[in-house]
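Coordinates in review
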Amino acid sequence: MSKVVELFGQSVAKSDVNWQEVVTGQQCVYLNKKCYKIRKSDPDTAIGSCTVLYGRELEPIIICPTRLIERRQIFIDCFHLLTTHEPGNELHIVSEVSIPGGSVDYFLVSAKDGKVKDFVGIELQTLDTTGTVWPERQRLLKELGVSRADNSEDSTKSFGMNWKMTAKTILVQMHHKIHTFEHVNKKLVLVVQDKLLNYMSREFKFDHLRNPASIGDSMHFHSYRMDVQADKSYKLTMQSRLSTDVDGIGLCLGLQAEARVELEQIIQALQAKISASTLFVPV
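Residues numbered from 1 in each chain as written. Predicted model: local features only at pLDDT ≥ 70, side-chain atom pairs only at ≥ 80, totals over all residues. Heavy atoms only, no water.

1. Some remarks on the sheet that holds strand β7 (residues 49-54)
As a reminder of what qualifies: DSSP-based pairing: two strands are paired if at least 2 bridges between them are found. The helix and strand labels rest on DSSP assignments: H or I over at least four residues marks a helix, E over at least two residues marks a strand, and numbering proceeds from the N terminus. A contact between two residues is defined here by any heavy atoms of the two lying within 4.5 Å. Throughout, an axis means a line fitted to C-alpha atoms (over the contacting stretch in the case of helices), and angles, computed between N-to-C directions, take values from 0 to 180 degrees.
Reading across the sheet, the 4 strands line up as β2-β1-β7-β8 and stay open at both edges, with antiparallel pairing between neighbours. Edge positions in the open sheet fall to β2 (10-11) and β8 (59-62), since each of these has one partner strand only. By the bridge criterion, 4 bridges tie β7 to β8 in an arrangement that is antiparallel. Bridge pairing in β8 places T51 opposite I62. Running over the sheet, helix α3 (residues 134-144) touches β1 (4-7) and β7 and is turned about 80 degrees from β1.

2. Things to note about empty space enclosed by the protein
The rolling of a water-molecule-sized probe over the atoms marks out the regions of remaining empty space. Selection rule: Definitions used for this entry: grid spacing 1 Å over protein atoms alone; cavity, a set of points where a 1.4 Å probe fits but cannot get out; pocket, an open set with protein on both sides within 12 Å along at least 5 of 7 lines; lining residue, one with an atom within 4 Å of a point. Grid points are joined across faces, edges and corners, and a volume is the space filled by probe spheres set on the points. In the scheme used here, Gly and all other residues not listed as nonpolar or charged are polar, with Ala, Val, Leu, Ile, Met, Phe, Trp, Tyr, Cys and Pro taken as nonpolar and Asp, Glu, Lys and Arg as charged.
Within the structure shown, the criterion is met by 1 cavity of 30 Å³ or more. Of the voids in this model, the largest cavity is the one considered here, and its volume is about 110 Å³. Taken together, 13 residues line the largest cavity, and the ones lying closest to its centre are C28, C35, G48, C50 and C64. Residue classes in the lining of the largest cavity are distributed as 7 nonpolar, 4 polar and 2 charged.

3. Some points on the nonpolar core
Here is the rule we go by: Among buried residues, the Ala, Val, Leu, Ile, Met, Phe, Trp, Tyr and Cys ones that are joined through side-chain atoms within 4.5 Å form a nonpolar core. Here the term buried applies to any residue with accessible area under 20% of the maximum for its type, exposed to any over 50%, and partly exposed to those in between, with areas from a 1.4 Å probe on protein chains only.
Core analysis: the biggest nonpolar cluster contains 47 residues, and L7, L190, M200, F206, M219 and F221 have the highest contact counts within it. With 6 residues, the top contributor of residues to this core is helix α4 (residues 163-183). The contacts of M200, once residues within four sequence positions are left out, are A167, I170, L190 and F206. Formed by 23 residues, the second largest nonpolar core is a distinct cluster that contains Y30, F75, I122 and L124.

4. Some words on the sheet that holds strand β11 (residues 115-125)
Across the sheet, 6 strands lie side by side as β9-β10-β11-β14-β15-β16; this open sheet has mixed pairing. The sheet terminates laterally at β9 (90-99) and β16 (234-244), the two strands that pair on one side only. Across the sheet, the axes of successive neighbouring strands diverge by a mean angle of 30 degrees, strand direction being ignored. As paired elements, β9 and strand β10 (residues 102-112) share 9 bridges and run antiparallel to each other. Bridge pairing in β10 links H92 to V109. In the packing of helix α5 (residues 194-203) onto the sheet, contacts are made with β11, β14 (187-193), β15 (219-228) and β16, and the angle to β14 comes to roughly 105 degrees.

5. As for α5
Taken together, the buried positions of α5 are occupied by D194, L196, L197, Y199 and M200. Looking at the buried positions of α5, the neighbouring elements they touch are β11, α4, β14, β15 and β16.

6. Topic: α3
Inspection of α3 places W134, P135, E136, R137, Q138, L140 and L141 among the buried residues, and these make up the whole buried set. Buried positions along α3 lie against β1, α1 (19-25), β5 (38-39), β6 (42-46), β7 and β13 (159-161). In the segment just after α3, G145 is the residue with positive phi, at about 75 degrees.

7. So, the pairing of β7
Within a regular strand, side chains alternate between the sheet's two faces. With 5 of 6 residues buried, β7 is to be regarded as a mostly interior element. As paired strands, β1 and β7 are joined by 3 bridges and run antiparallel to one another. For L7, the partnering residue across the bridge sits in β7 and is S49. Here β7 hands over to β8 after 4 residues, with G55 in that stretch at a positive phi of 90 degrees.

8. Describing unusual backbone geometry
The omega angle of the peptide bond from N211 to P212 is 5 degrees, so this bond is cis rather than trans. Within the secondary structure, P212 sits in the loop between α5 and β15. The phi torsion at Q26 lies on the positive side, around 55 degrees, for a residue other than glycine. As for its position among the elements, Q26 is in the loop between α1 and β3 (27-28). By relative accessible area, Q26 is classed as buried at 12%. Even without being a glycine, R71 presents a positive backbone phi close to 60 degrees. By the secondary structure assignment, R71 is in the loop between β8 and α2 (73-76). With relative accessibility at 42%, the residue R71 sits in the partly exposed group.

This is the structure:
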């Protein structure tokens, strides 16, 4: 059975889906346009895999950031961080904006008469995979009775989750960007699945983060779980809110996991060079 459980934003548990039409159309239901994740070997074909089952318990793991904008709930959950928003102002969602420190996925903007009055930066991060999900995707199409251009479902190639690199990379990016937001007294929110936040909390120093979050902090973590619905499809539901500031993100990176990894590397390098010839003998 295929481990892909959501394709082009549609749950494979749904019984009323014309899968041939979905796969042919390649439309992402969240963006209302073609899925942007395409095969490198075939740019005309969108992969469309949003969520897969992974791990010993075969839990749903989101692998496409766009999956997080279901119902646009993540934007609603950031309204309270628009601290100078006033009734009568318009709300806008602006994507892909470059700032000092990098590009931000979305901005929730409060505006009046075409003038920006307040804003919140929103970054999305899901798990990066290793290997390839394509054989699982093709296996799903076979199970759904959808025609396929190849029979990759017979491949023995598999995929994994790049937990460490995903967590480390996004924390480093947040450390760069939060300097800008804190300098202008605005908020930055990182939206993740609860599984990824749990990993970060274990592998990095997170015990100093405020839980529940404090509206006065510049850096916020919003995590969401995948709840199973009556029709066996999944719905995003907020799991937790944490917060800190630029110094707090520095602590996340500077202690625990990073230090432990670096220490292990140094110890291994030293042990490889220790020998009788390196022994220190006082003269």
